[in-house]
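Residue-level structural notes
Chain residues, written in single-letter form:
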Amino acid sequence: MQTDVGSAVRDFIADNFLFREDRETVADNESLLENGLLDSTGVLELVAFLETDLGIDIKDAEIIPENFDSIDAIINYAKSKLAKAA
Amino acid sequence: MAEADQRGAAGPTQSGIQTFEASHVAAVAELFQSTFRRPRDPAPDALRNYLEDIFLNHRLSDPDICSLVFVDAGGKVAGFIGVLPARLTFRGEPLRAAVAGSLMVDNPAENPLAGARLLRSFLSGPQDLSISESANALSAGMWERLGHKPVAAYSLDWVRVLRPVGFGVAALASGFRPAKMLSPLAMAVDAGLGRIARNPFRLESGRRGGGLAADVGDDELVAHIPEFIEQFAVRPDWDDDRLRWILKHADRKKRYGRTFKRLVYGKGGKPLGCYIYYGRPRGIAWVLQILARPDSAAAVLDDLLRHAHDLGSVAVRGRAHPSLMNALTRENAFFFSRSSTVVCSRNADLTGAINSGDALVTGLAAEAWIRLIGDEFDQ
């Protein structure tokens, strides 16, 4: 499941955000916010994906840079939410 | 603060989403000034007072439906979404609604997720229906990412040009004030054009519907508006006091000229509809609302255009509504998109009724009547 979460998040970022900035890759620890890959509109897309496709219940107060600033952060956040829900 | 805590947000000294309260007014006024008006000037007192009046002293205050602020890590108010509570009915059943506007974030680069949090917090409130009729492209995009597409039927603006040269001058003057000096010349040219029978901007002779119309006060409007909106499955549930309060607020807009409120009657003296607009000679009239019984929209629109023409307006503009489209098209109005109407509800039947055009959820029913939509605060 952990591998699935990582792959799903990476695929989603690649499919939905990279092409907009004309990028082909992004490192897992690279800041998505500082590089303009993710903004308020994009994070809503990402939140909808995590809720719908991965079944994660996301609280408004959890939509913070610490949880969404990089692929690593998103994967860690998603895994911790899934572990708590299990 | 209780509301903010329920939303899982921070307390008064922490960052996060908080309920808008009096202590935030000054900061929100500065944010509004820098986002939507003149960033170099401080927010005028009139703007501060108005924000307090419209969002904190609302006639239909609802402790669970509030405007929200985003407070950043330094304790500074860095985002805002203005929310007005509203009562509607859907096929006779009462609805709790919330109308959102003025979504703004200070320095989005520093607060990249604030807009998302404000919008999500608003949409996760207790209301049955969330509405925004003033969503710009960015805001509409955020609603769309959450699964709520703009409703095209309520998202178009219309313009009916009455005096083409004057309209061109007025449009130019909106961005370059000295162009106003050309107005007298434009009026003279338009007067000449008005005598040409084939002028496509000329109003047809003879009234549609053949009735009469009269200026009326708020009491007459309050008495008759329920008759004009009963055709809609989704409509406001105004009591007299609340509707009177909204109309009084609408009078406070001054940027587009004096407020005109008129009832249009059929041949037998039966009221067919009403309209409210702001207008002045040589200016573009701005329609707040047109309401008409089924099949009477053409007669009401006809009187509006004649009244604005006689006033000396160069054009009339307003928000389109499905019930007006046929009449507007026949009157040679043209349509454009300036902002979007978006709605959100868990009730699919309700959103279906709105999407099909069987609803009154804009204008007096939403937020077009408040001064934050288009008015000046410098006087």
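The rules behind the values
Residues numbered from 1 in each chain as written. Chains lettered and ligands numbered in written order. Predicted model: local features only at pLDDT ≥ 70, side-chain atom pairs only at ≥ 80, totals over all residues. Axes fitted to C-alpha atoms, helices over the stretch in contact; angles between N-to-C directions. Helix = DSSP H or I, 4+ residues; strand = E, 2+ residues; numbered from the N terminus. Parallel < 35°, antiparallel > 145°, perpendicular 65-115°, else oblique. Contact = placed C-beta atoms within 7 Å. Nonpolar A, V, L, I, M, F, W, Y, C, P; charged D, E, K, R; others polar. Pairing = 2+ DSSP bridges. Expected span 1.5 Å × (residues − 1). Buried ≥ 20, exposed ≤ 12 C-beta atoms within 10 Å, placed from the backbone. Domains from an automatic or database assignment.

Moving on to the packing of helix α2 (residues 40-53) of chain A against helix α5 (residues 137-145) of chain B. In contact at an axis separation of 8 Å, α2(A) and α5(B) are set at 5° when each is read in the N-to-C sense. Between α2(A) and α5(B), the crossing angle belongs to the class labelled roughly parallel. Of α5(B), the residues touching α2(A) (which contributes A:Ser40, A:Thr41, A:Leu44, A:Glu45 and A:Ala48) are B:Leu138, B:Gly141, B:Met142 and B:Arg145. Within the contact of α2(A) with α5(B), the residues separate by chemical class into four nonpolar, three polar and two charged.

At the interface, 15 residues of chain A touch 21 residues of chain B. Only α2 and α3 (65-68) of chain A provide two or more residues apiece to the side of chain A that touches chain B. Sorting elements by how many residues they give to the side of chain A that touches chain B places α2(A) first, with six residues. Across the side of chain A that touches chain B, the residue classes tally to nine nonpolar, two polar and four charged.

Our focus in this paragraph is the sheet that holds strand β11 (residues 284-292) of chain B. All names here are of chain B. Ordered in space as β7-β9-β10-β11-β12-β6-β13, the seven strands form an open sheet in which the pairing is mixed. The strands lining the two open edges of the sheet, one partner per strand, are β7 (212-215) and β13 (334-337). Averaged over all pairs of adjacent strands, the angle between strand axes in this sheet comes to 30°, irrespective of strand direction. Contacts between helix α10 (residues 297-311) and the sheet are confined to β6 (156-161), β7, β9 (258-265), β10 (271-279), β11 and β12 (315-319), with β10 contributing the most and set at about 35° to the helix.

Residue and element names in this part refer to chain B. With respect to the secondary-structure elements, alanine 333 resides in the loop between α11 (325-330) and β13. A C-alpha to C-alpha distance of 20 Å links alanine 333 and valine 264, two positions 69 residues apart in sequence. With residues near it in sequence (within four places) discarded, alanine 333 still touches Trp158, Val159, Arg160 and Leu328.

Residues and elements named next belong to chain A. Counted at 1.5 Å a residue, the expected span for α2 with its 14 residues is 20 Å, and the 20 Å between its end C-alpha atoms agrees. Within α2, the full set of buried residues consists of Ser40, Thr41, Gly42, Val43, Leu44, Leu46, Val47 and Leu50. Following α2 by one or two positions, glycine 55 has its phi on the positive side, about 70°.

Residue and element names in this part refer to chain B. According to the domain assignment, chain B contains domain 1 (2-148) and domain 2 (156-365). Relative placement of domain 1 and domain 2: their C-alpha centres are 29 Å apart. In this assembly, 22 residues from domain 1 lie in contact with 20 residues from domain 2. Going through the elements one at a time, β3 (77-90), β5 (129-135) and α5 are the ones with two or more residues in the side of domain 1 that touches domain 2. Split by residue class, the side of domain 1 that touches domain 2 holds 11 nonpolar, six polar and five charged.

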